[in-house]
Structure formats: C-alpha cells, structure tokens
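Next come the chains, spelled out residue by residue.
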Amino acid sequence: SPALFDAVAKAAQGRLHEFKSQDLASTAWAYATADVSSAALFGDRRFTESCATADLTGDQLCQLHQWQLWLEEHGHSWPPLPTPLAQRCRVAFCAGDGSPSRLQRSVAKVLAELKLSPREEVRTAQGYSLDAVVGIDGCDVAVEVDGPSHFVGRSRTPTGATALKRRQLRAAGWRLLPIPYWEWDALSRDPAGQREYLTSGLKAAAEEATASG
C-alpha cells in the first residue's frame, strides 16, 4: 500500500532522532523490499546521518547494504551512506561462507551430471552469494535453490528477503533460475525429469535474458 508507506514517511519526518538502530535498518529495508520510493524520508541527509551515529548490529548493517543497493538500482540521487559505514555494511553482508543445503547439493549433483561444471557459492559484485552458476550459450545463469524458509505459508509467496534478492540480482544483469523446493522434491524419484527440468529452465533463463537485452 503506497499510502501506508507515505504515512510512515510523513510520521518519521522530524522524529528520526528518536529512531533506534533497528528502527532505522528495518525502515530502510522495508522501503527497498517493497520497492517504494520516498524522497520525503531519504531525500536529505537526516536519515543517513542518523544511521552513521547508530550502534548497528551485523544484521542491521546487512539491511542497510541492501537499501544502498536499492538506491543504486534506481539511480536515486539521495544522500548515500557515508563511505566508512557503506564499507562496514558490505563487509557484514559478505561475511561468512555459505553452507549448501541437502537440496542445493542435490541440484548441483544433477548440474554436474549434465556436464555444466557448476560453480557453487559464487559471490556477486553486489555481495550476494549465489547457490550455483553455470554457463549456458555463452552466458552465466545463476541457479538459486529455494527451500521452505524462502516462502510464506501455504500460498508459497516468496519472503521479502527472497523477492528482494531476486529483483536486485536481475537488476544487476544476472540471468536467474529460481528452483522452488516443492518442484524439485516432486522429481526426487525421476532422474530424467530432474535433468529435463534443469535443461529447460536454464535454456528459458538464457533466452529471456537475450530477449530483454
């Protein structure tokens, strides 16, 4: 609801000094995730100055990094995070090595069987970690294996974090093949079906990128 976000921005104006670190990070992340612009809230330096003086945790630094990516995604001329803080945010976002899940290992195994030489846990220029990257028709396609934690309830709607990651990867030019866990699980006893699923999905991702490019 754009009206809700406009109301939040209006209420926050002049009260940013009352915001705690989690308030700042969650607000920034919410606008980035919902993809709702607000010059009223982010158009002057009060917001980033408040962030610069806040005692931010690692998770909050990660949220602000994604907010900074959002500014870059849309080319907003609003004040960016101060350079030292932006660097801290990126370091926090890139910290730690990925731990492949059983589901991810299963997909990577079939990719290898298809002679696609998957590269696992690839770090992008934005700082995102990709489950696997394979070369298709001369271009790289990112394969993201999404388990239950990536979706909300029975509707299987992607969580905000999952939707934001997908959007920002595509905005950065990545060809993307998301693999929902229920589609892969349905093929657990069908090796030929798994190979066909990946082959057709990767081809579609590469063709979609070619058409849009």
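As a reminder, the structure under discussion sits directly above these lines.
Quick caveat, the model's predicted, so the values are computed rather than measured.

### Focus on the sheet that holds strand E1 (residues 119-123)
And step 1. The sheet built from four strands is open, its strands ordered E1-E2-E3-E6 with mixed pairing. For this open sheet the edge positions go to E1 and strand E6 (175-180), each flanked by a neighbour on one side alone. Taking each pair of neighbouring strands and ignoring which way they run, the sheet shows an average axis angle of 40°.

### What to know about the pattern of salt bridges
And step 1. Per the stated rule, a full pass over the model turns up eight salt bridges.
And step 2. Between Glu-73 and Arg-167 there is a salt bridge; the shortest N-O distance is 3.1 Å. One end of the pair, Glu-73, is in helix H5 (residues 58-74); the other, Arg-167, is in helix H8 (residues 160-171), with 94 residues separating them in the sequence.
And step 3. Relative accessible area serves as the criterion here: at 26%, Glu-73 is assigned to the partly exposed category.
And step 4. Its relative accessible area of 22% is what places Arg-167 among the partly exposed residues.

### A closer look at the side chain of Gln-66
And step 1. Following the sequence through the fold, Gln-66 ends up in helix H5.
And step 2. Classification of Gln-66 by relative accessible area gives buried; the value is 9%.
And step 3. In this structure the side chain of Gln-66 is engaged in a polar contact, spanning 2.9 Å, whose partner is the side chain of Trp-29.

### A word on the packing of aromatic side chains
The geometry of an aromatic ring pair is captured by two quantities: the separation of the ring centres and the angle between the planes.
And step 1. Taken as a whole and assessed by the stated rule, the structure comprises 13 aromatic pairs.
And step 2. Taken together, a centroid distance of 4.9 Å and an interplanar angle of 85° make the contact between Phe-42 and Phe-47 edge-to-face. With respect to class, Phe-42 is no different from Phe-47; both count as buried.
And step 3. Judged by centre distance (5.3 Å) and plane angle (90°), the rings of Tyr-181 and Trp-182 are edge-to-face.
And step 4. Here Trp-182 falls in the partly exposed class, since its relative accessible area comes to 24%.
And step 5. Members of the aromatic cluster, joined through ring pairs, are Phe-5, Tyr-31, Phe-42, Phe-47, Trp-67, Trp-70 and Trp-78.

Quick notes on the rules
- Residues numbered from 1 in each chain as written.
- Predicted model: local features only at pLDDT ≥ 70, side-chain atom pairs only at ≥ 80, totals over all residues.
- Heavy atoms only, no water.
- Pairing = 2+ DSSP bridges.
- Helix = DSSP H or I, 4+ residues; strand = E, 2+ residues; numbered from the N terminus.
- Axes fitted to C-alpha atoms, helices over the stretch in contact; angles between N-to-C directions.
- Salt bridge = Lys/Arg side-chain N within 4 Å of Asp/Glu carboxyl O.
- Buried < 20%, exposed > 50% of the residue type's maximum accessible area, 1.4 Å probe, protein only.
- Polar contact = N/O pair within 3.5 Å; in protein donor to acceptor, adjacent residues only side chain to side chain.
- Phe/Tyr/Trp six-rings, centres within 6.5 Å; stacked < 30°, edge-to-face > 60°.

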